[in-house]
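# An overview of the molecular structure
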Amino acid sequence: KQEVTQIPAALSVPEGENLVLNCSFTDSAIYNLQWFRQDPGKGLTSLLLIQSSQREQTSGRLNASLDKSSGRSTLYIAASQPGDSATYLCAAGFQKLVFGTGTRLLVSP
Amino acid sequence: EAGVAQSPRYKIIEKRQSVAFWCNPISGHATLYWYQQILGQGPKLLIQFQNNGVVDDSQLPKDRFSAERLKGVDSTLKIQPAKLEDSAVYLCASSLEGRAEYFGPGTRLLVL
């Protein structure tokens, strides 16, 4: 049974810092790993999708990496901004996605 | 491109009442998902449809929850009767097969 863990549960940084969010999963037989952003009271916004044959994906200031053998993924956010404040969720799976509990990020001006 | 639509956005009911949620996926997306997100937790998959067939409903409490996907497009999720622990956000998502999932805004349910 797939289990997804995200560390840290919460993170507070000053504006401009580069930061890394961590995600680990127990079953390496995944098809996709997807990172999402969730703002309070809102649905999930897809940030990046990494398929099992890929090692990383980039979109703007975001870079996500995948290491299936170690069961880990990281989301790197460069030059953080207050607008990046949200909960970041990682989900991994084969035929269905299993979600972690998220990292709550606060970027202060 | 229009996103995933859900209604209603909010619902307050008393325990033992019934409630239904509606979802319209992104046009052309064959796969549709219903998730339950309890406060402070990640979403949990309730049911997955491929066109109008059920792929996975292993975590759907079938004694009280039901779902259908009409003609492989819109879907409804029903709870009857509701319990206090059903208070959560119900999220609908859709995807092309094997591709990224896109989520709707969710329906926030409060059971009193």
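Structural notes, computed from the coordinates. (Residues numbered from 1 in each chain as written. Chains lettered and ligands numbered in written order. Predicted model: local features only at pLDDT ≥ 70, side-chain atom pairs only at ≥ 80, totals over all residues. Heavy atoms only, no water.)

## Focus: the side chain of Gln48 of chain B
Within the secondary structure, Gln48 of chain B sits in strand 5 (residues 44-50). The exposure class assigned to Gln48 of chain B is buried, which follows from its relative accessible area of 6%. Residue contacts for Gln48 of chain B: discarding those within four places in its chain leaves Gln95 and Lys96 of chain A together with Thr31, Leu32, Tyr33, Gly53, Val54, Val55 and Asp56 of chain B. (Helix = DSSP H or I, 4+ residues; strand = E, 2+ residues; numbered from the N terminus. Buried < 20%, exposed > 50% of the residue type's maximum accessible area, 1.4 Å probe, protein only. Contact = heavy atoms within 4.5 Å.)

## Digging into the sheet that holds strand 3 (residues 19-24) of chain B
Residue and element names in this part refer to chain B. Here four strands make up an open sheet; going across it, the order is 1-3-8-7 and the pairing antiparallel. Looking at strand neighbours, the two that pair on one side only are strand 1 (5-7) and strand 7 (65-69), the edges of this open sheet. Put simply, the sheet's adjacent strands are angled 15 degrees from each other on average, direction ignored. Pairing geometry for strand 3 and strand 8 (residues 75-79), over five bridges, is antiparallel. In the sheet register, Trp22 faces strand 8, and the bridge partner there is Thr76. (Pairing = 2+ DSSP bridges. Axes fitted to C-alpha atoms, helices over the stretch in contact; angles between N-to-C directions.)

## Side note on the sheet that holds strand 7 (residues 62-67) of chain A
Sheets are built from strands paired through backbone hydrogen bonds, the pairs being either parallel or antiparallel. All names here are of chain A. An order of 1-3-8-7-6 is seen for the five strands of this open sheet, with the pairing classed as antiparallel. The strands lining the two open edges of the sheet, one partner per strand, are strand 1 (4-7) and strand 6 (56-59). Sheet twist, expressed as the mean angle between neighbouring strand axes with direction ignored, is 15 degrees. Note that strand 6 and strand 7 share four bridges and pair antiparallel. Pairing of Ser59 across the sheet is with Leu62, part of strand 7.

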